[in-house]
Amino acid sequence: ARRRSHMWSRTVRAPSRLITSTSTASLISAMESLPLVEHPITTWRRDLLDDLWRRLEIVTVCMAYAIFGPAVIVVNNHIVKDLNFPYPMILSAIGLFTTACFCTILMHTFPSIATRADAAPVPVRLDRSGIISPNVAATGPDSGDSSPVIAVRAHSPVTERWRPTWSFWLHNMAPIGVMQGITFACGNAAYMHLTITFTQMLSASTPTVTLAFLYLWGVETPTLRSTFLVLLIGVGCAIASYGEGHFHPIGVAFRTAGIITEAIRLVLTQVLLQRHRLNIVESQYYLAPIGALSLLAAASVGEWSRARTAGAWQIVWQHPLAFGASAILGLAASFMTFLVIKVTNSVTLKVLNTARNAGFVLFTVTFLGETASMLQLIGYSISLTAFSVYTYYKLTDQRRKTSSW
């Protein structure tokens, strides 16, 4: 019994002597080299949660895009008409000034979001409407986009951020900022004379004007099918205009000017992005102050004295929520456009924008009590159908080119 007990104690103490004599570093490296096997149920749960979070993110961003855009239109229409604030340039300048302040705070608080000074060119795909995804797009057969590939700036670990030269700012950024300010001002001015329903119907002609300017600038040569569909969009808008019962030439002139400046802005933005890539915060950091200052300069000549004589500033102080909502919703609407592209793609943005405009027209007629004749609805339906077919063929051509790669 004593021999067995002694042998048992020697057997138990043997591992401790082995551990003591073995290098601790060798044991740690041996343990780290062992493969970590994750349980299949844990992997399935994580994938399920990631998929649910992804779907929730897409639904949330798309719903916000569908709400914020029409909401800012309704609020601005309320300010111009119901609050009797017929100063569209001042109203638009307030919104752009808010956007400029917000982007300035972000740029100085989080400098890492800015483009770096010596960033290397990488291929990025531009959307034909002049919008680019906030993140660097992929190229090749798996990118899912057939838009033209260009070389632009990407981020680098260098701490110094890129700053435009005076010549670059004057020739590339200043015109875009001015066009952006004029677009907002003309849109708000049109609400003084036209209904929201009619202005939305007129906005459907923006792709027609944009394609024309893309061709005139030599940025894109449209195909015969694209030209036919875009012209059909214009025909539908013309029919809708003919059926408008409250047709006001001044309001139509303002809306037409806004559509033209918006098309020019999109073309100039595409030309700018061919030289340099800017994310949404950085682009508005440079462009929004230009639009705000240009509108304030124009308002000092055409609106400032009238607003001071009529006591319009009292309206701002009496209704701070309305003017604050206009500024914040305008800021959110501009960011939602880029977020939709980020979580989905540019094709989804076009489809979602078409559905949003159609739903907004139905909302204004049903809940806001605005009138729309049958001829207007027919013309608007033609425009929406032509635009849907145009988007479908663009997507089909994109898939065909992707498969050929």
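Residues numbered from 1 in each chain as written. Predicted model: local features only at pLDDT ≥ 70, side-chain atom pairs only at ≥ 80, totals over all residues. Heavy atoms only, no water.

**Some details on the overall build of the chain**
For the record, the criterion: Starting at the N terminus, helices and strands are each numbered in turn, a helix being any DSSP run of H or I of at least four residues and a strand any DSSP run of E of at least two. Partly exposed describes any residue whose relative accessible area lies between the buried limit of under 20% and the exposed limit of over 50%, with all areas from a 1.4 Å probe on protein chains only and scaled to the type maximum. For this analysis, residues touch if any pair of their heavy atoms sits within 4.5 Å. All accessible areas in this document rest on Shrake-Rupley with a 1.4 Å probe, and a residue is counted as covered only by the protein chains that are shown.
Of the regular secondary structure elements, the chain holds 15 helices and two strands. Every one of the 405 residues in the chain was classed for burial, and the buried ones make up 44%. Residue pairs in contact within the chain that sit at least 24 positions apart in sequence constitute 86% of those at least 6 positions apart. Accessible area for the chain stands at about 22,000 Å²; split by element, carbon and sulfur atoms hold 67% of it.

**A few points about the pattern of salt bridges**
Inclusion rule: Put simply, a salt bridge is a Lys or Arg side-chain nitrogen that is within 4 Å of an Asp or Glu carboxyl oxygen.
Within the structure shown, the criterion is met by two salt bridges. Taking the shortest distance from any N to any O, the salt bridge between R265 and E262 comes out at 2.9 Å. Taken as a pair, R265 and E262 lie in helix 9 (residues 249-273) at a separation of three residues, close to a single helical turn.

**Here we look at the environment of G291**
Structurally, G291 is set in helix 10 (residues 280-302). Residue classification places G291 among the buried positions, given a relative accessible area of 0%. Between the C-alpha atom of G291 and that of M179, which follows or precedes it by 112 residues, the distance is 7.4 Å. Apart from the residues lying within four places of it in its own chain, the contact partners of G291 are L96, G177 and G181.

**Structural notes on the packing of helix 6 (residues 196-203) against helix 8 (residues 224-242)**
Our working rule: Lines fitted to C-alpha atoms define the axes here, with helix axes fitted over just the stretch in contact, and angles between the N-to-C directions of these axes take values from 0 to 180 degrees. Every angle not falling under 35 degrees, over 145, or within 65 to 115 is termed oblique; those three ranges are roughly parallel, roughly antiparallel and roughly perpendicular. In a left-handed crossing the near helix is turned counterclockwise from the far helix by less than a right angle, and in a right-handed crossing that turn is clockwise. Gly counts as polar in this scheme, as do all residues outside two lists: the nonpolar Ala, Val, Leu, Ile, Met, Phe, Trp, Tyr, Cys and Pro, and the charged Asp, Glu, Lys and Arg.
Contact pair helix 6 / helix 8: the axes reach a minimum separation of 9 Å and the direction vectors enclose 160 degrees. Put simply, helix 6 runs roughly antiparallel to helix 8. For the element pair helix 6 and helix 8, the recorded crossing hand is left-handed. Touching F198, M201 and L202 of helix 6 are C237, A240 and S241, all from helix 8. Residues of the contact of helix 6 with helix 8, tallied by class, amount to five nonpolar, one polar and no charged.

**Side note on the packing of aromatic side chains**
Test applied: Pairing of aromatic rings covers Phe, Tyr and the six-membered ring of Trp, with a centre-to-centre limit of 6.5 Å; geometry is then stacked below 30 degrees between planes, edge-to-face above 60, and tilted otherwise.
Taken as a whole, this structure holds 10 aromatic pairs when the rule is applied. Taking 5.0 Å as the distance between ring centres and 75 degrees as the angle between the ring planes, the aromatic pair formed by Y285 and Y286 counts as edge-to-face. Each of the two residues, Y285 as well as Y286, counts as buried. Each member of the aromatic cluster is reached from another via a ring pair, and the members are F85, Y87 and F323.

**Looking at the side chain of N76**
Structurally, the position occupied by N76 is in helix 3 (residues 40-82). Judged by relative accessible area, N76 falls into the buried class, the value being 9%. Not counting residues within four places of it along the chain, the set of residues in contact with N76 comprises L91, N188, Y191 and S326.

**Considering the side chain of S92**
Along the chain, the position of S92 falls in helix 4 (residues 88-109). Every residue in contact with S92, bar those within four places of it in the chain, is listed here: F184, A185, N188 and L295.

**Observations regarding a nonpolar patch on the surface**
As a reminder of what qualifies: Only residues whose relative accessible area exceeds 30% and that take part in no salt bridge are eligible for patches, with like-charged residues grouped when within 9 Å of each other and nonpolar side chains (Val, Leu, Ile, Met, Phe, Trp, Tyr) grouped when within 5 Å.
On the surface, L48, L49 and L52 cluster together to form a nonpolar patch covering roughly 280 Å² of accessible area. In this structure, L48 sits in helix 3. The class for L48 is partly exposed, based on a relative accessible area of 36%.

**Describing the packing of helix 6 against helix 9**
It is at 10 Å that the axes of helix 6 and helix 9 come closest, and there the two elements cross at 35 degrees. Classified by chirality, the crossing of helix 9 by helix 6 is right-handed. Across from F198, T199, L202 and S203 in helix 6, the residues of helix 9 making contact are V252, R255 and I259. Taken together, the residues of the contact of helix 6 with helix 9 break down into four nonpolar, two polar and one charged.

**Brief notes about the nonpolar core**
The tendency in soluble globular proteins is for nonpolar side chains to be buried side by side. This is how the line gets drawn: In this text, buried Ala, Val, Leu, Ile, Met, Phe, Trp, Tyr and Cys residues form a nonpolar core when linked through side-chain atoms within 4.5 Å.
Among the nonpolar cores identified, the biggest contains 27 residues, and I79, F85 and F323 are the most heavily contacted of them. With sequence-adjacent residues up to four places away left out, F85 is seen in contact with I79, V80, I90, L91, A312, I315, V316 and F323. One finds F213, Y286, L331 and F335 within the second-largest nonpolar core, a separate group that totals 26 residues.

**Remarks on unusual backbone geometry**
Unusually for a residue other than glycine, N84 sits at a positive phi of about 55 degrees. Relative to the assigned elements, N84 resides in the loop between helix 3 and helix 4.

**Considering the confidence of the model for the chain**
Note the following rule: Confidence scores here are pLDDT values: one per residue, from the predictor, ranging 0 to 100.
Per-residue confidence for the chain gives a mean pLDDT of 77; residues scoring 70 or more make up 75%. The weakest mean pLDDT in the chain belongs to strand 2 (residues 149-153) at 39; the strongest belongs to helix 4 at 92. Here residues 4-21 is modelled with pLDDT under 50, and outside its nearest four sequence neighbours on either side it reaches one contact, counting other chains as well. Ignoring residues within four places in sequence, the model shows residues 120-158, a span with pLDDT below 50, making 112 contacts including any to other chains.

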